[in-house]
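# Observations on the model geometry
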Amino acid sequence: MKKRVITGAAIAAVLVPAVYFGGIFFLIVGMFLSVVASYEMMSMFYKRGPALRKLRFLVPILSGIMVLFAYFAAMDVVNNMIYHFWVITSFIASIVICLAVLIFTRQSTAHDMMACIMTLVYCGLIMGYVISIEYITPIGTSEYLDNIIKGGRSFAYLIAIVVATDTLAYFIGSKYGKHKLAPEISPKKSVEGAVAGLIGGAIIGVVCTFLFQMVKFTPSTTTIHKIIIIFVIFVFSLILSASVQVGDLVASKLKRSYEIKDFGKIFPGHGGVLDRFDSLIFAGAVYYVIVQFIQLVLLGVE
């Protein structure tokens with residue numbers, strides 16, 4: 001436990017300044033996490049696919065490149081569509097390169113091909129857009145989103161939900177858990193813990209939107225409007241909290257399928273990057289999709 005706490009403090013000591021200051025420091029941290037996560041996942045797949053020996057080192061580099069382009073897509077508002085084009089282009093090119101390598105590798109299988117594609121999607125494409133949440137801003141002008149979407153504050157809000165959900169689910173589940181949530185995937189997780197994490201994460205999400213000044217009430221805001229706003233934020237946070245737990249179960253399913261305890265050992269007491277940030281990656285992807293959907297489809301922002 002002591003090792004776990006020390007490592008957690010060290011992670012926070014790096015991640016908090018990176019989120020707060022952003023810029024090149026955050027990019028370096030994001031690319032590092034993407035590269036290491038890709039290596040961890042490819043190493044897992046390598047256990048059943050010897051043909052992936054060389055691609056264990058190539059795929060992480062390709063994932064890091066995707067994160068780089070996603071960073072510029074979020075940072076450069078004027079040319080972001082060009083950079084989004086390069087993100088997708090680099091993703092497709094990466095798949096083509098990996099499949100071409102496997103075709104000419106002896107004893108390669110369809111498993112190896114899907115392993116490369118999944119790693120590029122999960123640790124490259126998705127992780128790149130999750131990291132870009134740090135810089136996401138409303139498209140055009142929207143009175144609904146101008147205050148709520150605030151770059152680093154949005155990322156901090158997301159992290160708060162992840163931490164609250166995981167922490168409450170663990171402690172409440174350990175003490176009061178009686179009904180198994182997914183016994184074949186993660187025997188220690190309980191329904192009681194999941195519900196506690198879900199509700200607690202949503203409440204923390206609401207609190208953080210006001211704590212981080214993402215939402216402010218004015219004297220003209222009526223009581224009914226305040227209730228509606230709080231309810232919408234609660235539901236949004238609830239969805240993110242649920243995605244946190246799904247992301248954790250996805251990672252657990254992978255580890256159980258490949259009979260490994262942890263993805264890596266880079267964080268003593270916590271395992272690897274995917275062990276520590278699995279929930280954040282999944283919840284971040286859901287956050288990004290919902291925000292873009294609200295802007296482009298519901299509000300029709302141009």
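Residues numbered from 1 in each chain as written. Predicted model: local features only at pLDDT ≥ 70, side-chain atom pairs only at ≥ 80, totals over all residues. Heavy atoms only, no water.

### Here we look at the side chain of Ser279
- Within the secondary structure, Ser279 is located in helix α9 (residues 273-298).
- Residue Ser279 is classed as buried on the basis of its relative accessible area, which comes to 1%.
- Among residues more than four places away in sequence, those in contact with Ser279 are Val162, Asp166, Val244 and Asp248. (Helix = DSSP H or I, 4+ residues; strand = E, 2+ residues; numbered from the N terminus. Buried < 20%, exposed > 50% of the residue type's maximum accessible area, 1.4 Å probe, protein only. Contact = heavy atoms within 4.5 Å.)

### What about a nonpolar patch on the surface?
- On the surface, Leu181, Val191, Val195, Ile199, Ile203, Val207 and Leu211 cluster together into a nonpolar patch covering about 570 Å² of accessible area.
- Ranked by residue count, the leading element in the nonpolar patch is helix α7 (residues 191-211), at six residues.
- A relative accessible area of 43% places Ile203 in the partly exposed class. (Patch = residues over 30% accessible without salt bridge, like charges linked within 9 Å, V, L, I, M, F, W, Y side chains within 5 Å. Areas by Shrake-Rupley, 256 points an atom, 1.4 Å probe, with all protein chains shown as cover. Salt bridge = Lys/Arg side-chain N within 4 Å of Asp/Glu carboxyl O.)

### As for α7
- Its 21 residues give α7 an end-to-end C-alpha distance of 30 Å, which sits within 8% of 30 Å, the value for a rise of 1.5 Å per residue.
- Looking at the buried residues of α7, the elements they touch are α6 (152-176), β1 (180-182), β2 (186-190) and α8 (223-257).
- Remark: Gln213 follows α7 within two positions and exhibits a positive phi of approximately 60 degrees. (Expected span 1.5 Å × (residues − 1).)

### Section: the packing of aromatic side chains
- Counted by the stated rule, this structure contains 12 aromatic pairs.
- Ring plane angle 50 degrees and centroid distance 5.7 Å describe the contact between Phe236 and Tyr287, whose orientation is recorded as tilted. Residue Phe236 is found in helix α8, and its partner Tyr287 is found in helix α9; the two are separated by 51 residues along the sequence.
- Residue Phe236 is classed as buried on the basis of its relative accessible area, which comes to 18%.
- Feature note: the residues Phe69, Phe85 and Trp86 constitute an aromatic cluster, connected by ring pairs.
- When the ring centre of Tyr258 is taken as reference, the NZ or CZ atom of Arg48 above it lies at 4.6 Å.
- Across the ring face of Tyr46, the terminal group of Arg56 is positioned such that the distance to the ring centre comes to 4.2 Å. (Phe/Tyr/Trp six-rings, centres within 6.5 Å; stacked < 30°, edge-to-face > 60°. Lys NZ or Arg CZ within 6 Å of the ring centre and 35° of its normal.)

### With respect to the pattern of salt bridges
- Applying the stated criterion across every chain, the model contains three salt bridges.
- In this structure, the salt-bridge partner of Lys255 is Asp275, at a minimum N-O distance of 2.9 Å. Within this pair, whereas Lys255 is found in helix α8, its partner Asp275 is found in helix α9, the two being separated by 20 residues in sequence.
- Among the residues examined, Asp275 registers a relative accessible area of 11% and is labelled buried.
- In this structure, Lys261 and Asp262 form a salt bridge, with 3.7 Å as the shortest nitrogen-oxygen distance.
- The exposed category is assigned to Lys261, whose relative accessible area is 70%.

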